[in-house]
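Letter by letter, the chains look like this.
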Amino acid sequence: LTDCPRTCELTLAMKCTTRRLTVYSVLFTLVSVTIFNIARPASRHSLEIHPDLEADFPHDAQIIHAEARLHTDQALHTEEEVHQVSGDHHAKEAHKRPEPTVNRELEPGVEREPEPATLAEAAPDAVGDVHSEGKDKHDGVGAEPPAEKGRGKAGGGYLPPKSTKVEDNQLTSELAERYAENNVIMVTWANNHYHDFVRNWVLNVRKCGVSNFMVGSMDNELLEKLIEDEVPTFAMQSGMTTQDFGWGTANFHLMGRKKIELIYLFTEMGFDILVSDVDTVWMQNPMAYMARYPAADILTSSDHLANTVQDDGLEDPNRAQSPANIGIMLLRHTAKRLAKEWVEVLEKDDKIWDQNAFNDLFRRGSRGAKTEDNLIQGYGGELKVGILPVSIFASGHTYFVQRMHEKLKLDPYVVHATFQYSGTEGKRHRMREALLWQDAPEYYDPPGGLLTFASDIPDEMLKSSGTVDGHFKLVNHQLLQIRSALAIAQQLGRTLVMPKLWCGFDRWWAPHHGKIPGSSTELPYLCPMDHVFEVETWLRPMPENEAGPTINFREYSFLENPSVPKELLDSAVTVELVKTCGNDTSCLQGGGEAAPSGVKKIVAEKGFSDLEVMRLLHNYKDAKVLKFSTMVGVFSGFEDRQKMELFSTRLKRYAGLWCCKHAHPGHIWYDMEFDVIPHKDRHNRLWEKPWEPLTGP
């Protein structure tokens, strides 16, 4: 500076001061970030920026933040490597979680490539995050120490992807970790055909307080809808049909393979996956239940049809020998070797059913000895496996038919729509009957109003329904009432609310003596609609010139649904039907006349025709609900023969079959015109004598 003029000295001094201020600012920012994160719960991602907030950070601060994150990750990684945990391998895994991006155990000779350092893709832990009851300590559900609970967005809200493009919605460990809780993530998957099932599934898991879930989208249409609905999702385009998979079809088996690949992917990334088929409905949050069995590598549902325990504990594996059902199961990441072999088995044989393959694997080398918690050694002794209680992790039979949870006075966690008929429509209807399905608002206020009736079920018929003949006598008595109700509903343009159905014999796919062998079914029983009727046929449009006007219907529990508007319930008129009016002054109208308007109860004689019932109720077109007191002997028939023939065509397609007697063939078709002599049934067989339950065709 000796040769520099005074002005040069001042200029250099100002530059030095500016540099000092810049350094001080950088140091201040680093110190601030460090102090802020010391105050937060310890987490690998405690320094990550929420993507939605990155735009608010100055560019220099983002660089400083990224550098600080690298140093912190290195420090935490070193701490994980030196951390020693005593106890069995599950306790070790619980405190030493594999890196979520790749599996720690690599194939021999394969080296892990270094991962690029990027700014956070997962949201940071929320300061002061409050977890659900029963999750404040390490509970063994996943492989996380207490400080790692509630990381990501589980319980914190939905974070939208960059776009609806497939490439922006790939499944990554960072994405899964965002929604995982205690290292566990509940997963289902579907294509666009099952969008309403996905919507119902999501609605119910959220209602239960489950937030650590994701839905795999098997086509672009569903992916876009789920993003619009703000449902955590990822793309798993399969190249399969966007329609119904169809049980047992090639698409069904291909879908199953995608499912197993997904299971393996999650376990390979180090996550515990709670698998849930989309045709399930959750009624309780299962995470605390799974936490009761930290030693289990696998907890699976079962097709067993009898409970081996009276409480909510795991089934006795030595007695519950039916196949495991993979529609509901927890696989911890310690079961990844099984998951990998599962994929390999399916890749070698495109005809093997994924569920059969799993049963073969987990039972291989299984040992009869069980723990106090009813866990057994499976998969060659490598894994501990438990069978979830069939009463509360229910199949379609233990829930809808046996109602096992009611008999044991237990609160169910989930029901899986298995052991049912009529395809997808049958599943949907069963859930509606059980008030487990949420429809659009217009479903609960159908145009034209509703028609209900009190079903007549004689005690003597119930008591004598323990034979094939007795069963059909009971069901046929109900078919006559439903037939009359359908005819009246069609003429009045109303939607029929189905009555409860009672059956003397269960329905199955093989011969039996009233109930499925090994089941705990009590006979007679309240049977689902799909045990007697072909629900999908009722919903399938028929040309009016072939089958007359469409007859819409609702489930028997419809008026109990809280979604039904109060205005509809308040707009109800009772139609009491008597054998004859005689001197009864309550019959305010004469025979064949219209009932006077403005009354809440109409009394009329039974035995009216289609035109007579239309005249009788002419003044009540605006009533939302017509409640008939009975349908026994109510409808005398159609005055127009052509209308009668069209109605007959419709009826022939409605009834289903019962299965099975010990014969070949063993099934017997229901006939809604069994009392008509002569008549032709749906198979064009001519009945010129009283109907009887014949097998076939």
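Scroll up to find the structure this text is about.
Notes on the structure in this doc start here. (Residues numbered from 1 in each chain as written. Predicted model: local features only at pLDDT ≥ 70, side-chain atom pairs only at ≥ 80, totals over all residues. Heavy atoms only, no water.)

Points about the overall build of the protein
Move 1: In terms of helices and strands, the protein carries 20 helices and 25 strands.
Move 2: Looking at the protein as a whole, 52% of its 697 residues are labelled buried.
Move 3: Contacts in the protein between residues at least 24 apart in sequence constitute 72% of all its contacts with a sequence separation of at least 6.
Move 4: For the protein, the accessible surface area stands at approximately 32,500 Å², while carbon and sulfur atoms represent 54% of it. (Helix = DSSP H or I, 4+ residues; strand = E, 2+ residues; numbered from the N terminus. Buried < 20%, exposed > 50% of the residue type's maximum accessible area, 1.4 Å probe, protein only. Contact = heavy atoms within 4.5 Å. Areas by Shrake-Rupley, 256 points an atom, 1.4 Å probe, with all protein chains shown as cover.)

Description of the sheet that holds strand E5 (residues 280-282)
Move 1: Ordered by their spatial adjacency, 3 strands build an open sheet running E5-E11-E10, and the pairing between neighbours is mixed. Looking at the sheet topology across the chains shown, the edges are occupied by E5 and strand E10 (393-394).
Move 2: Where E5 lies against strand E11 (residues 414-416), 3 bridges are found, and the strand directions are antiparallel. Looking at E11, one finds that Trp282 is bridged to Val414. (Pairing = 2+ DSSP bridges.)

A few points about the pattern of salt bridges
Move 1: Evaluated as defined, the whole model comprises 22 salt bridges.
Move 2: Here Arg364 and Glu341 are joined by a salt bridge, their closest N and O atoms 2.9 Å apart. Of this pair, Arg364 sits in the loop between helix H10 (354-363) and strand E8 (376-378) while Glu341 sits in helix H9 (residues 336-348), placing them 23 residues apart in sequence.
Move 3: A relative accessible area of 39% means that Arg364 is categorised as partly exposed.
Move 4: Linking Asp439 and Arg432 is a salt bridge whose minimum nitrogen-to-oxygen distance equals 2.7 Å.
Move 5: The class for Asp439 is buried, based on a relative accessible area of 14%. (Salt bridge = Lys/Arg side-chain N within 4 Å of Asp/Glu carboxyl O.)

Some remarks on H9
An α-helix turns once per 3.6 residues; consequently, residues spaced three or four apart project the same way.
Move 1: Taking 1.5 Å as the rise per residue, H9 with 13 residues should run 18 Å; its terminal C-alpha atoms sit 19 Å apart, in good agreement.
Move 2: Buried within H9 we find Lys336, Leu338, Ala339, Glu341, Trp342, Val343 and Leu346. (Expected span 1.5 Å × (residues − 1).)

Some points on the nonpolar core
Move 1: Leu486, Phe533 and Phe628 are the most contacted members of the largest nonpolar core, which totals 58 residues.
Move 2: Ranked by the residues each element gives to this core, the list is headed by helix H15 (residues 468-492), at 10 residues.
Move 3: Those residues within four positions of Phe628 in sequence are excluded, and the remaining contacts are Leu451, Thr452, Phe453, Ala454, Ile488, Val575, Leu577, Phe608 and Leu617.
Move 4: Judged by nonpolar contacts, the second largest core, of 47 residues, contains Val390, Phe393, Leu408 and Trp437. (Core = buried A, V, L, I, M, F, W, Y, C linked by side-chain atoms within 4.5 Å.)

Some details on the state of the cysteines
Move 1: The full count for this structure, using the stated rule, is 3 disulfides.
Move 2: Between the sulfur atoms of Cys581 and its disulfide mate Cys587 the distance is 2.0 Å. With the S-S bond torsion at -80°, the cross-link from Cys581 to Cys587 turns out left-handed. Accessibility assignment for this pair places Cys581 and Cys587 in one class, buried.
Move 3: With a sulfur-sulfur separation of 1.3 Å, Cys659 is cross-linked through a disulfide to Cys660. Here the disulfide of Cys659 and Cys660 is left-handed, its torsion about the S-S bond being about -55°. (Disulfide = S-S within 2.5 Å.)

Some words on the packing of aromatic side chains
Move 1: Under the counting rule described, the total for this entry stands at 28 aromatic pairs.
Move 2: A ring pair is formed by Phe197 and Trp437, whose centres lie 4.9 Å apart and whose planes are at 70°; its orientation type is edge-to-face. Note that Phe197 is positioned in helix H5 (residues 195-207) and Trp437 in the loop between helix H13 (423-433) and strand E12 (450-453), a separation of 240 residues in sequence.
Move 3: Taking relative accessible area as the criterion, Trp437 reaches 4% and is therefore assigned buried.
Move 4: The interplanar angle of 85° and the centroid separation of 6.3 Å between the aromatic rings of Phe472 and Trp658 together place this pair among those described as edge-to-face. (Phe/Tyr/Trp six-rings, centres within 6.5 Å; stacked < 30°, edge-to-face > 60°.)

A word on the sheet that holds strand E13 (residues 495-497)
Move 1: Taking strand neighbours across the sheet as the criterion, the 6 strands line up as E16-E13-E12-E20-E17-E18 in an open arrangement whose pairing is parallel. Single-partner strands in this sheet number two, and they are strand E16 (553-554) and strand E18 (601-605).
Move 2: Bridge count between E12 and E13: 2 bridges; the pairing is parallel. What sits directly across from Leu451, in E13, is Leu496.
Move 3: The strands touched by H15 are E12, E13 and strand E20 (625-628); relative to E12, the strand with the most contacts, the crossing angle is about 160°. (Axes fitted to C-alpha atoms, helices over the stretch in contact; angles between N-to-C directions.)

Examining the environment of Glu567
Move 1: Turning to its location among the elements, Glu567 is positioned in helix H18 (residues 566-570).
Move 2: Along the sequence, Glu567 and Lys624 sit 57 residues apart, while their C-alpha atoms lie 8.5 Å from each other.

Thoughts on H13
Move 1: When you tally the buried positions in H13, you get 9 out of 11 residues, the bulk of the element.
Move 2: Of all the residues in H13, the buried ones are Thr424, Gly426, Lys427, Arg428, His429, Arg430, Met431, Arg432 and Glu433.
Move 3: Structurally, H13 contributes buried residues whose contacts are with H5, E5, helix H11 (396-401), helix H16 (535-539) and E16.
Move 4: Of the residues flanking the end of H13, it is Leu435, one or two places downstream, whose phi is positive at about 60°.

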